[in-house]
Amino acid sequence: MNYGDLREKQPQKKIEKLFRVNMKLVSKFDGKEQRKEGEDWAPLPPEYIHALDVILRENPMEKCTSIGRSFYSSSMGGSKEIGGGAVGLRGFFQSLRQTQQGLALNMDLSITAFHESIGVIAYLQKRLEFLKDLPRNKGRELSLEEKREVEKALKNIRVFVCHRETVQRYRVYGLTEEITENIWFPDRDGKHLRLMSYFKDHYGYEIQFKNLPCLQISRARPCYLPMELCMICEGQKFLGKLTDDQAAKIMKMGCQKPNERKAIIDKVMTGSVGPSSGNQTREFNLEVSREMTLLKGRILQPPKLKLDRPRNLKESKVLKGTRIERWALMSIGGSSDQKSTIPKFINELTQKCEHLGVVLSKNTLSSTFFEPSYILNNISLLESKLKEIQRAASSNLQLIICVMEKKHKGYGDLKRIAETRIGVVTQCCLYPNITKLSCQFVSNLALKINAKIGGSMTELYNSIPSHIPRLLRPDEPVIFMGADVTHPHPFDDCSPSVAAVVGSINWPEANRYVSRMRSQTHRQEIIQDLDLMVKELLDDFYKAVKKLPNRIIFFRDGVSETQFKKVLQEELQSIKTACSKFHDYNPSITFAVVQKRHHTRLFRCDPDHENIPPGTVVDTVIAHPKEFDFYLCSHLGVKGTSRPTHYHILWDENEFTSDELQRLVYNLCYTFVRCTKPISIVPPAYYAHLAAYRGRLYIERSSESNGGSMNPSSVSRVGPPKTIPLPKLSDNVKNLMFYC
């Protein structure tokens with residue numbers, strides 16, 4: 001089936017229905033009345049912006065499929081199969097924003113994955129590897145584990161039937177316990193009918209896949225549909241997690257050069273699906289400019305570094321290299337040919353470490369342990385093997401390098417056991433990478449190892465206080481903190497969220513961080529134990545610097561604009577509560593939100609349309625009319641179009657000027673421990689993201705086992721789900737940057 005428009009090819013049987021509609025006036029909006037006399041600016045009420053947004057969305061809503069704030073249509077071109085029963089579609093994002101130039105329409109290219117509109121059997125063939133030969137093996141039955149996987153793949157997907165004409169769509173709630181051949185159901189008269197006989201008598205159809213379960217399409221009562229008679233409805237966003245391969249294809253679809261991306265956005269604005277192309281804007285007397293906003297940005301000068309970074313890693317050296325006295329190598333799976341490359345890999349890695357200034361001697365390698373791949377499926381066996389490796393090194397092992405045959409879910413178990421039970425840092429890599437053994441790969445591996453064990457790549461030549469002498473002094477320490485919360489995937493309704501907070505522990509270098517992680521209520525965005533985590537980080541800072549910090553600069557990641565007020569109220573109070581636990585301690589606090597997931601893009605005016613250079617900062621025209629915010633592109637965009645990071649300062653007792661804070665953030669982006677170039681987001685926020693992801697790994701396996709129920713009604717729950725506590729980090733690793 002070709003991918004037509006997402007609303008095409010649905011059964012089109014016309015049914016006349018009569019409705020009586022009662023209308024009543026709810027409220028009135030008048031743009032002229034929004035500004036009071038004497039006020040130069042006042043925020044527009046959310047309902048007013050929402051009303052305008054409804055008008056501007058009406059035209060694309062009629063012609064495209066709407067997902068959140070984005071619209072998708074095959075008429076935009078670029079639809080592409082990405083495997084596993086999914087198709088990537090191009091669309092556009094639109095949203096109204098209040099800016100210094102007035103109300104502005106934010107438009108951007110958007111790509112997302114949809115379920116392919118094919119038969120359920122064909123869909124399962126593509127989605128699940130173990131069912132790819134299903135049409136050739138129609139009598140196949142599913143094991144209990146396979147049945148769980150099938151239900152997980154189909155749950156909450158909408159289907160329609162192809163054995164009769166109907167416009168009705170059904171949502172899949174689960175699978176039947178019985179296979180199709182054994183299903184009986186009562187008709188309206190209470191008479192029991194065999195499902196297979198019913199379809200043969202009523203529709204003249206003989207069911208082929210009689211050993212498969214049916215789809216259960218009602219939460220409350222028995223209502224069954226044979227899989228082979230169902231089609232996946234079009235226009236459904238892909239549910240569940242994309243595989244690495246699917247995600248890579250989606251990213252490639254959205255990876256346009258700046259001039260290409262700009263041309264696509266311009267085409268949407270002037271095309272038939274654009275927000276200003278319908279009648280609605282004219283009827284409401286709304287005008288939308290079809291030209292992009294012109295503005296001037298500034299380019300900040302890069303800071304000088306103690307070890308100036310060369311053009312490539314071949315010439316690099318680290319500023320502070322670590323000594324790794326005892327380490328081991330563990331091979332998991334792999335063919336005999338792959339295993340034979342281990343000695344060469346060890347030789348290359350130790351040489352590269354020596355060149356960078358990291359001591360990783362071949363003589364201190366305790367041993368190489370070769371283990372079968374099934375060890376990652378057996379938690380107790382994996383733990384006993386790791387303990388055995390620790391004992392072989394007289395229990396003073398600093399590092400285990402794990403070479404794995406391929407990516408495996410057991411990676412999370414390996415990290416959890418090593419970091420919480422054994423007390424050793426691990427560095428994982430894959431056999432396909434060590435058999436190629438490129439110089440870039442070995443260098444990156446060496447940098448990660450150095451960062452995890454306590455080294456650093458570089459630091460600023462002129463310390464942070466010298467860049468902002470008005471506020472900062474070498475003898476008045478400052479702590480930089482970052483915080484993030486990671487949530488389970490969309491249809492996981494019971495796993496806890498994981499919050500992580502990191503804090504710097506050196507001054508004025510500010511390039512070493514420690515982390516604290518906590519699990520918390522499912523999908524809770526406010527960090528619940530923030531006061532406890534901040535208190536622990538301040539204790540660690542005091543132990544390292546022998547002083548409490550005079551200033552706290554807190555970067556909060558992952559907060560949307562609608563949550564700003566609540567996050568500021570609750571989390572700022574938590575930070576102050578943590579400070580109050582120290583005698584006579586009242587530091588100045590700056591609280592900034594870091595936003596990477598937004599749709600603002602900056603394009604250069606020159607005809608070549610290359611990416612904006614690192615250090616580009618914009619704090620006028622498209623910034624907030626009154627609040628303290630700015631867009632900073634701190635990284636070099638090599639692929640696609642650079643996305644600047646949006647920094648929104650919600651609270652500032654330190655009274656930074658725009659220039660001071662922009663320079664501070666940009667300079668910090670050069671201090672990331674495992675990278676030779678400036679990164680796109682301020683390091684404390686990035687470290688918090690990595691730490692939260694590590695905490696998610698610790699509980700992911702137990703979350704999956706909790707969410708694997710076969711009962712379709714298991715989605716309904718009494719009370720909030722129970723929070724699984726995170727395991728406690730070992731003392732050997734808790735003050736290291738093991739999450740890098």
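The name given to the protein in an unreviewed UniProt entry is Protein argonaute 7, with the source organism recorded as Arabidopsis thaliana x Arabidopsis arenosa. The record in UniProt for the protein states the following under Sequence similarities (unreviewed entry): "Belongs to the argonaute family. Ago subfamily."

Participant: Talk me through the overall build of the protein; I want residue IDs and the actual numbers.
Facilitator: When you go through the protein residue by residue, the secondary structure sums to 18 helices and 26 strands. In terms of overall dimensions, the protein is globule-like: its C-alpha atoms have a radius of gyration of 29 Å, near the 27 Å expected for 740 residues. Its C-alpha atoms give the protein principal-axis dimensions of roughly 85 × 75 × 55 Å. Residue burial in the protein is summarised as follows: out of 740 residues, 51% are buried. Look at the contacts in the protein between residues 6 or more apart in sequence, and 73% of them connect residues 24 or more apart. Here the protein has roughly 36300 Å² of accessible surface; of this, 49% comes from carbon and sulfur atoms. Taken together, the 108 basic and 83 acidic charged side chains of the protein have centroids lying 3 Å from each other.

Participant: For the sheet that holds strand 17 (residues 399-404), give the residues involved together with the corresponding values.
Facilitator: One open sheet accounts for four strands, arranged 16-15-17-18; its pairing is parallel. In this open sheet, the two edge strands, each paired with only one partner strand, are strand 16 (365-371) and strand 18 (425-430). Recorded for the sheet is a direction-independent mean angle of 15° between the axes of neighbouring strands. In the sheet, strand 17 pairs with strand 18 via six bridges, with the strands oriented parallel.

Participant: I'd love a proper account of the UniProt feature "domain: Piwi" (unreviewed entry) in the protein, names of residues and values included.
Facilitator: Within this numbering scheme, the UniProt entry marks residues 399-700 as carrying the feature "domain: Piwi" (unreviewed entry). Helix makes up 33% of residues 399-700 and strand 23%, whereas the separation of the span's terminal C-alpha atoms amounts to 24 Å.

Participant: Tell me what's going on with the pattern of salt bridges, and back it up with residues and numbers.
Facilitator: One pass over the structure, following the stated rule, counts 36 salt bridges. Two residues, Asp108 and Arg601, come together in a salt bridge whose shortest N-O distance is 3.6 Å. Of this pair, Asp108 sits in strand 5 (residues 102-115) while Arg601 is found in the loop between strand 23 (588-595) and strand 24 (616-618), placing the two residues 493 residues apart along the sequence. Of the two residues examined, Asp108 and Arg601, each falls in the buried class. The network of salt bridges with shared partners includes Arg516, Arg518, Asp529, Glu536 and Asp540.

Participant: Please provide a residue-by-residue account of the UniProt feature "domain: PAZ" (unreviewed entry) in the protein, values included.
Facilitator: With numbering aligned to this structure, UniProt lists the feature "domain: PAZ" (unreviewed entry) at residues 129-234. Between the end C-alpha atoms of residues 129-234 there is a gap of 23 Å, over a span that is 19% helix and 25% strand.

Participant: Account for the layout of surface pockets, with residues named and values stated.
Facilitator: Regions of empty space are outlined by a rolling probe, equal in size to a water molecule, passed over the atoms. Volume-wise, the second largest pocket comes out at about 1400 Å³. If you go around the second largest pocket, you meet 50 residues; those closest to its centre are Gln101, Ala104, Leu105, Met292 and Thr293. Those elements that provide at least two residues to the lining of the second largest pocket are helix 1 (46-63), strand 4 (86-99), strand 5, helix 6 (258-270), strand 14 (298-299) and strand 24. Here the lining of the second largest pocket gets six residues from one element, more than from any other, and that element is strand 5. Here the lining of the second largest pocket is built from residues that sort into 28 nonpolar, ten polar and twelve charged.

Participant: Go over the confidence of the model for the protein, please, and point to the residues and values.
Facilitator: In this model, the protein carries an average pLDDT of 90, and 93% of its residues clear a pLDDT of 70 or more. The model gives residues 1-11 a pLDDT under 50, and that stretch makes 35 contacts with residues more than four places away or in other chains.

Participant: I'd like a rundown of the environment of Glu177, residues and numbers included.
Facilitator: Following the sequence through the fold, Glu177 ends up in strand 8 (residues 174-179). Glu177 sits in the exposed class, given a relative accessible area of 61%.

Participant: Tell me what's going on with the sheet that holds strand 25 (residues 628-633), and back it up with residues and numbers.
Facilitator: In space, the nine strands of this open sheet follow the order 14-24-25-26-23-22-19-20-21, with mixed pairing throughout. The open sheet has two edge strands with one neighbour each: strand 14 and strand 21 (513-520). Of the pairings in the sheet, the one linking strand 25 to strand 26 (residues 645-652) comprises five bridges and is antiparallel in character. Looking at the pairing, Phe628 lines up with Ile649 of strand 26. Each of strand 19 (478-486), strand 20 (497-504), strand 21 and strand 22 (551-557) touches helix 15 (residues 530-545); the most contacted strand, strand 21, lies at about 160° to it. Contacts between helix 17 (residues 658-668) and the sheet are confined to strand 14, strand 19, strand 22, strand 24, strand 25 and strand 26, with strand 25 contributing the most and set at about 35° to the helix.

Participant: Go over the packing of helix 10 (residues 379-392) against helix 11 (residues 410-422), please, and point to the residues and values.
Facilitator: Look at helix 10 against helix 11: their axes get within 10 Å of each other, and the N-to-C directions meet at 45°. Classified by the angle between their axes, helix 10 and helix 11 sit oblique to one another. Read as a crossing pair, helix 10 and helix 11 show a hand that is right-handed. Facing Ile379, Leu382, Glu383, Leu386, Lys387 and Gln390 of helix 10, the residues of helix 11 in contact are Gly410, Asp413, Leu414, Arg416, Ile417, Ala418, Arg421 and Ile422. Classifying every residue of the contact of helix 10 with helix 11 gives seven nonpolar, two polar and five charged.

Participant: Please give an account of the side chain of Asn667 that cites residues and values.
Facilitator: For Asn667, the position within the fold is in helix 17. Asn667 has contacts with Pro303, Leu460 and His467, leaving out every residue within four places of it along the chain.

Participant: Outline the packing of helix 2 (residues 120-127) against helix 3 (residues 144-154), supporting the account with residue identities and numerical values.
Facilitator: Remark: helix 2 packs on helix 3, axes separated minimally by 11 Å, with the N-to-C direction vectors making an angle of 110°. Comparing the axis directions of helix 2 and helix 3 gives the class roughly perpendicular. In this structure, the crossing between helix 2 and helix 3 has a hand that is right-handed. Taking contact as the criterion, the partners of Val120, Tyr123, Leu124 and Arg127 in helix 2 are, on helix 3, Val150, Ala153 and Leu154. Considering only residue class, the contact of helix 2 with helix 3 consists of six nonpolar, no polar and one charged.

Participant: Can you tell me about the packing of aromatic side chains, naming the residues and giving the values?
Facilitator: As enumerated under the stated definition, the model contains 15 aromatic pairs in all. With a centroid separation of 5.1 Å and 25° between ring planes, the pair formed by Phe554 and Phe591 is classed as stacked. Here Phe591 lies in strand 23 and Phe554 lies in strand 22, a separation of 37 residues in the sequence. The residues Phe554 and Phe591 share a single accessibility class, namely buried.

Participant: Residue-level account of the environment of Gly334, with values.
Facilitator: As for its placement among the helices and strands, Gly334 is situated in the loop between strand 15 (327-332) and helix 8 (336-339). Since its relative accessible area comes to 17%, Gly334 is described here as buried. The sequence separation of Gly334 and Lys406 amounts to 72 residues, and the corresponding C-alpha distance is 8.5 Å.

Participant: Help me get a handle on helix 11, residues and values and all.
Facilitator: Burial analysis of helix 11 places eleven of its 13 residues in the buried class, the great majority of the element. Considered for burial, the residues of helix 11 that qualify are Gly410, Gly412, Asp413, Leu414, Lys415, Arg416, Ile417, Ala418, Glu419, Thr420 and Ile422. At the exit of helix 11 stands Gly423, carrying a positive phi of roughly 85°.

Participant: Quick one: what's the story with unusual backbone geometry, residue by residue and with numbers?
Facilitator: Outside of glycine, negative phi angles account for most residues, and trans bonds account for most peptide bonds. Of the consecutive residues Trp507 and Pro508, the connecting peptide bond is found in the cis state with omega at 10°. Mapped onto the elements of the fold, Pro508 is located in the loop between strand 20 and strand 21. Of note in this structure, Glu655 is not a glycine but carries a positive phi near 55°. Within the secondary structure, Glu655 sits in the loop between strand 26 and helix 17.

About the thresholds
Residues numbered from 1 in each chain as written. Predicted model: local features only at pLDDT ≥ 70, side-chain atom pairs only at ≥ 80, totals over all residues. Heavy atoms only, no water. UniProt positions renumbered as here; feature names shortened; annotations may be inferred. Helix = DSSP H or I, 4+ residues; strand = E, 2+ residues; numbered from the N terminus. Rg over C-alpha atoms; globule rule 2.2 N^0.38 Å. Buried < 20%, exposed > 50% of the residue type's maximum accessible area, 1.4 Å probe, protein only. Contact = heavy atoms within 4.5 Å. Areas by Shrake-Rupley, 256 points an atom, 1.4 Å probe, with all protein chains shown as cover. Lys, Arg positive; Asp, Glu negative; His and termini not counted. Charge placed at Lys NZ, Arg CZ, Asp CG, Glu CD. Pairing = 2+ DSSP bridges. Axes fitted to C-alpha atoms, helices over the stretch in contact; angles between N-to-C directions. Salt bridge = Lys/Arg side-chain N within 4 Å of Asp/Glu carboxyl O. 1 Å grid on protein atoms, 1.4 Å probe; cavity = no way out; pocket = protein on both sides within 12 Å on 5 of 7 lines; lining within 4 Å. Points joined across faces, edges and corners; volume = space filled by probe spheres on them. Nonpolar A, V, L, I, M, F, W, Y, C, P; charged D, E, K, R; others polar. pLDDT = per-residue confidence, 0-100. Parallel < 35°, antiparallel > 145°, perpendicular 65-115°, else oblique. Left-handed = near helix turned anticlockwise from the far one by under 90°. Phe/Tyr/Trp six-rings, centres within 6.5 Å; stacked < 30°, edge-to-face > 60°.

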